[in-house]
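The residues making up each chain are set out below.
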Amino acid sequence: QVQVVESGGGLVQAGGSLRLSCAASGVISSIYAMDWYRQAPGKQRELVADLTGGGSTAYADSVEGRFTISRVNAKNTVYLQMNSLKPEDTAVYYCHFRVRTRLLGPWQDYWGQGTQVTVSS
């Protein structure tokens, strides 16, 4: 079983910065992708940033140039550095891992519990 735990959310003023962390523990054979999603009240969950096992990154248009996703391979840890935050970035942020827990096994999805980010104007 894989556990995913996020940390680093909080309250920040517009224009400020926060860094979210996410660590996956358990038996992981390989990683397909690590992502950050967010869900604002009354809205659907949306993909914010994606980092593949090969190191490619992709971002939602709304955060491009402000957010950076990165990883520490040896620790199965992924970060989301958020700069120039805006009130519309307010949401619960979720970390997601797609991994194999054994060689050539099926890809499986694991989610963190979510961390609240609130940006005040």
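Residues numbered from 1 in each chain as written. Predicted model: local features only at pLDDT ≥ 70, side-chain atom pairs only at ≥ 80, totals over all residues. Heavy atoms only, no water.

A.B. asks: Would you explain unusual backbone geometry in this entry?
C.D. replies: Excluding glycine, most residues fall at negative phi; most peptide bonds, likewise, are trans. A positive phi angle, close to 50 degrees, is found at Ser84, a residue other than glycine. Positioned with a positive phi, Leu104 is a non-glycine residue whose angle comes to about 65 degrees. On the secondary structure map, Leu104 appears in the loop between β9 (91–100) and β10 (108–111). (Helix = DSSP H or I, 4+ residues; strand = E, 2+ residues; numbered from the N terminus.)

A.B. asks: Teacher, can you tell me more about the state of the cysteines here?
C.D. replies: Disulfides are covalent bonds that link the sulfur atoms of two cysteine residues. Evaluated as defined, the whole model comprises one disulfide. Across the disulfide, Cys22 is cross-linked to Cys95 (sulfur-sulfur distance 2.0 Å). Taking the sign of the S-S torsion, -90 degrees for the link of Cys22 and Cys95, the bridge is left-handed. Within this pair, whereas Cys22 is found in strand β3 (residues 18–25), its partner Cys95 is found in strand β9, the two being separated by 73 residues in sequence. (Disulfide = S-S within 2.5 Å.)

A.B. asks: Could you clarify how one ought to interpret the pattern of salt bridges in this entry?
C.D. replies: Side chains bearing opposite charge may pair, as long as their charged atoms lie close to each other. Following the criterion strictly, the structure yields four salt bridges and no others. With a shortest N-O distance of 2.7 Å, Arg38 and Glu46 are connected by a salt bridge. On the accessibility criterion, Glu46 (34% relative accessible area) is partly exposed. The salt bridge involving Asp109 is made with Arg98; its shortest N-O contact spans 2.7 Å. One end of the pair, Asp109, is in strand β10; the other, Arg98, is in strand β9, with eleven residues separating them in the sequence. Classification of Arg98 as partly exposed rests on a relative accessible area of 31%. Look at the salt bridges and you will find they share partners, linking Arg38, Glu46, Arg66 and Asp89 into a network. (Salt bridge = Lys/Arg side-chain N within 4 Å of Asp/Glu carboxyl O. Buried < 20%, exposed > 50% of the residue type's maximum accessible area, 1.4 Å probe, protein only.)

A.B. asks: Just to check I follow, could you spell out the nonpolar core for this structure?
C.D. replies: It is characteristic of soluble globular proteins that their nonpolar side chains tend to be buried jointly. Judged by nonpolar contacts, the single largest core of 32 residues is most densely connected at Trp36, Val78, Leu80, Met82, Tyr93 and Phe97. For this core, the secondary structure elements donating two or more residues are β3, β4 (30–39), β5 (46–52), β7 (67–72), β8 (77–82), β9 and β11 (115–120). Counting residues per element, this core draws most heavily on β9, at five residues. Not counting the four nearest positions on each side in its chain, Val78 is found in contact with Leu20, Ser21, Cys22, Met34, Trp36, Leu51, Ile69, Ser70, Arg71, Cys95 and Phe97. (Core = buried A, V, L, I, M, F, W, Y, C linked by side-chain atoms within 4.5 Å. Contact = heavy atoms within 4.5 Å.)

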